[in-house]
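# What the coordinates show
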Amino acid sequence: MCGIWAVFGSSGDIFTHCKAAFKIAHRGPDAFRLESIYQFPSCCLGFHRLAILDAQHGMQPMRVPQYPHVWLIYNGEIYNHANLQQEFNFHYATKCDGESIIHLYAQGGIEFAAKHLDGVFAFCLLDTANRKVYLGRDTFGVKPLFRILKEDGFLSACSEVKALKIIVILGLGDNPTATVEQFLPGHVETYNLDSIGRATFVERTRFHKIGDAPAYKTVVNPTDKNIKSSIRTLFEAAVKKRMMADRRIGCLLSGGLDSSLTAATLVKLAKEQNLPYPVQTFSIGMKDSPDLVAARKVAKHLKTEHHEIVFKPEEGIAAIESVIYHLESYDITTVRSSVGLYLLSKYIKQKTDTTVILSGEGSDEIAQGYIYFHKAPSVEDGNEESSRLCKDLYMYDVLRSDRSTSAWGLEIRVPFLDHQFSSYYISLEPEMKAPKYGIEKYLLRSAFDKTGLLPAEILWRPKEDFSDGVSSQTRSWYEVIQDFVDEQIDDTELEESSHRFPHNPPRSKEALYYRRVFEKFYTGQGHLLPYYWMPKCCVHVMPLDLISLVARDQIVFLILMVYHIHCDDWNYSPEEVVEHTNHH
């Protein structure tokens, strides 16, 4: 979880940018380098490092003897760097995975390079010989990248908005009102540099699309026509490649399906690889929250070194401003659900030596895991909504996981967003991925049923929103927030807020409070959030309809769970259970 920062075509003293570069120091606490480019005095590259691989030789900007004219800064992990070395007979100068980007670029150009990367990344590559600058970002946007381009040739790129916003405030360049823009996932951009380093946009190219099969050679190619077997094989491969690290690896564990499958697979592979330490798992919630209870059961089953963090309502409220500062977002559900992960990441950083953490992010979008998918008008509509969520993940859940962990210098990895696993799952017929028998993610659950990887009560545990999962039995996290914002915002201020914020006007006190904090840190950058996250399938569903739907599904779920756990020889099929439940 490194931080990259670059400036091209500065009209002033290039080293005045140092103040901005340090705004992302939290992303890379192990080392820092700021390097000017002798061919272009108006250009500078900055890097904050979190050392995961090759601590001795992995500092950036990276240059290798074979291609001294190429400079690279990147944030990410390239999981197939060793395979690329063998395939193309590359001669690496380091053991760093990112060096493969330089060799691929030299081999076939920037689009060729991006297409062959199995991993997650945001990079800036400078070719001084050809006076080119290239920016690129992975398919799902797991790694963040923002940029500013001004008419006077000033170009700046960075992992987070906060450093670019400082540049705008300082007025470096001739146009201090330039807009910060988010770099589109799955794309590369090309810029020309003139003789003094000013940048001109040339083209934007899409090198990969969500759902498309990878262009690079894959190591695991299941030929088994059994879909459930293929799901298991590809997911295990996705977790295995994300164990590439010289630092200790752990796992977030909420006790839900996604994090539990990830943790269970990690523990299985850790035993096979004889990792020299026990896998640590981490969960957080308010006192006696459902997530804590469920995670405890999973950790006991997996025999992990489990860490359970209980936070008080006042601790959560106190963290909201810092959370919004690091998130760079005012989206309601994103902020609300980020507080727990932010506090949990703080604990991991301060109390343990785990640096790389695996997470279950992405499963709900790919496998239709949200409760509202039950109410999709058709399987095609549900599939379309899943595609929309995957496309916009980088602005919501992926953003939440990246910023909440990077705030404390941790590296988060998300196997459900693996290229091969995700493209395979997305390619399945829509009816296979839709909720079934009143259970969301039925296909994913059933793929691991009776494997012994997880207890049935966890494998078939229904989806809960994060704010529900971390809530105490007596008072929910949602209620805590509503009581707090009610004291901060009066009714008149809320009524007038649409005039102050015509883009994404706040419709609740919670929304207005988050927007107010966001504007304190990022004035005028509200455009970075295109819309508030909301379920598209349910906009016409009345609350009582949804409640009755969920209540019925929970009855079905309970019957089916009993069926799965205790009644393997029962004469009734799941379909018959659903039919009788619907009738009654």
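Please read all numbers here as calculations on a predicted model, not as lab measurements. (Residues numbered from 1 in each chain as written. Predicted model: local features only at pLDDT ≥ 70, side-chain atom pairs only at ≥ 80, totals over all residues. Heavy atoms only, no water.)

Turning our eyes to something else, we now look at the overall build of the protein chain. Counting secondary structure elements, the protein chain contains 23 helices and 17 strands. Going through the 584 residues of the protein chain one by one, you find that 60% of them count as buried. When the accessible surface of the protein chain is totalled, it reaches about 23,500 Å², and 51% of it is carbon and sulfur. (Helix = DSSP H or I, 4+ residues; strand = E, 2+ residues; numbered from the N terminus. Buried < 20%, exposed > 50% of the residue type's maximum accessible area, 1.4 Å probe, protein only. Areas by Shrake-Rupley, 256 points an atom, 1.4 Å probe, with all protein chains shown as cover.)

Under the definition given, this model contains 40 salt bridges. With its nearest N and O atoms 3.1 Å apart, the salt bridge here joins aspartate 392 to lysine 391. The exposure class assigned to aspartate 392 is buried, which follows from its relative accessible area of 7%. (Salt bridge = Lys/Arg side-chain N within 4 Å of Asp/Glu carboxyl O.)

Helix α14 (residues 419-427) packs onto helix α6 (residues 227-241) with a crossing angle of 160° between their chain directions and a minimal axis gap of 9 Å. Of the possible angle classes, the one that applies to α6 and α14 is roughly antiparallel. The crossing of α6 and α14 is left-handed. Taking contact as the criterion, the partners of Ile227, Ser230, Ile231, Leu234 and Phe235 in α6 are, on α14, Gln420, Phe421, Tyr424 and Tyr425. Partitioned by chemical class, the residues of the contact of α6 with α14 number seven nonpolar, two polar and no charged. (Axes fitted to C-alpha atoms, helices over the stretch in contact; angles between N-to-C directions. Parallel < 35°, antiparallel > 145°, perpendicular 65-115°, else oblique. Left-handed = near helix turned anticlockwise from the far one by under 90°. Contact = heavy atoms within 4.5 Å. Nonpolar A, V, L, I, M, F, W, Y, C, P; charged D, E, K, R; others polar.)

Let's shift gears to the packing of aromatic side chains. For the structure shown, the criterion picks out 30 aromatic pairs. Taken together, a centroid distance of 5.1 Å and an interplanar angle of 70° make the contact between tyrosine 325 and phenylalanine 521 edge-to-face. Here phenylalanine 521 lies in helix α21 (residues 509-521) and tyrosine 325 lies in helix α9 (residues 313-327), a separation of 196 residues in the sequence. Between phenylalanine 421 and tyrosine 425, the aromatic rings sit 5.9 Å apart at their centres with planes inclined by 40°, giving tilted as the arrangement. You can see phenylalanine 421 and its partner tyrosine 425 sitting in helix α14, four residues apart, about one turn around the helix. Aromatic rings pair up to connect Tyr325, Tyr330, Phe518, Phe521, Tyr522 and Tyr532 into one cluster. Of note, lysine 150 hangs over the ring of phenylalanine 154, and the distance from its end group to the ring centre comes to 4.6 Å. Against the face of tyrosine 325 rests lysine 162, its NZ or CZ located 4.8 Å from the ring centre. (Phe/Tyr/Trp six-rings, centres within 6.5 Å; stacked < 30°, edge-to-face > 60°. Lys NZ or Arg CZ within 6 Å of the ring centre and 35° of its normal.)

Burial analysis of helix α3 (residues 99-108) places seven of its ten residues in the buried class, the great majority of the element. Within the span of α3, buried status applies to Glu99, Ser100, Ile101, Ile102, His103, Leu104 and Tyr105. Considering only its buried residues, α3 is in contact with β4 (62-64), β5 (67-78), α2 (81-88), α4 (110-115), β6 (119-127) and β7 (132-137). Glycine 109 sits one or two positions beyond α3 and adopts a positive phi of about 95°.

Attention now moves to the environment of glutamate 314. Turning to its location among the elements, glutamate 314 is positioned in helix α9. According to the relative accessible area criterion, glutamate 314 is exposed, its value standing at 51%. The spacing of glutamate 314 and valine 480 is 166 residues in sequence and 8.7 Å in space, taken between C-alpha atoms.

If you look at the biggest cluster of nonpolar residues, it comprises 80 residues, and the most contacted ones within it are Phe8, Ile231, Leu261, Tyr425, Leu444 and Phe448. A domain split of this core shows at least three residues from each of domain 1 (3-206) and domain 2 (227-551). Look past the residues within four positions of isoleucine 231 in its chain and what remains in contact with it is Phe421, Tyr424, Tyr425, Leu428, Leu443, Leu444, Ala447 and Phe448. If you look at the next biggest cluster of nonpolar residues, it comprises 72 residues, including Tyr342, Met395, Leu399 and Phe501. (Core = buried A, V, L, I, M, F, W, Y, C linked by side-chain atoms within 4.5 Å. Domains from an automatic or database assignment.)

What follows covers the confidence of the model for the protein chain. Looking at the protein chain, pLDDT values average 89 and 88% of them are 70 or higher. Low pLDDT (under 50) marks residues 539-552, which in the prediction has nine contacts with non-local residues, meaning those over four places away or in another chain. Segment residues 564-574 is flagged for pLDDT under 50; beyond a separation of four residues in sequence, or across chains, it makes 16 contacts in the model. (pLDDT = per-residue confidence, 0-100.)

Here the focus is the side chain of serine 401. Structurally, serine 401 can be placed in helix α13 (residues 397-406). We classify serine 401 as buried; its relative accessible area is 4%. With near-sequence residues (within four places) excluded, serine 401 lies in contact with Leu341, Glu361 and Ile412.

In a beta sheet, neighbouring strands are held together by backbone hydrogen bonds and run either parallel or antiparallel to one another. Within the open sheet, the five strands sit side by side as β15-β14-β13-β16-β17. Their pairing is parallel. Each edge of the sheet is formed by a strand with only one pairing partner; in this case those strands are β15 (305-310) and β17 (411-413). Averaged over all neighbouring strand pairs, the angle between strand axes comes to 30°, with direction disregarded. Pairing of strand β13 (residues 248-252) with strand β16 (residues 354-358) involves four bridges; the strand directions are parallel. (Pairing = 2+ DSSP bridges.)

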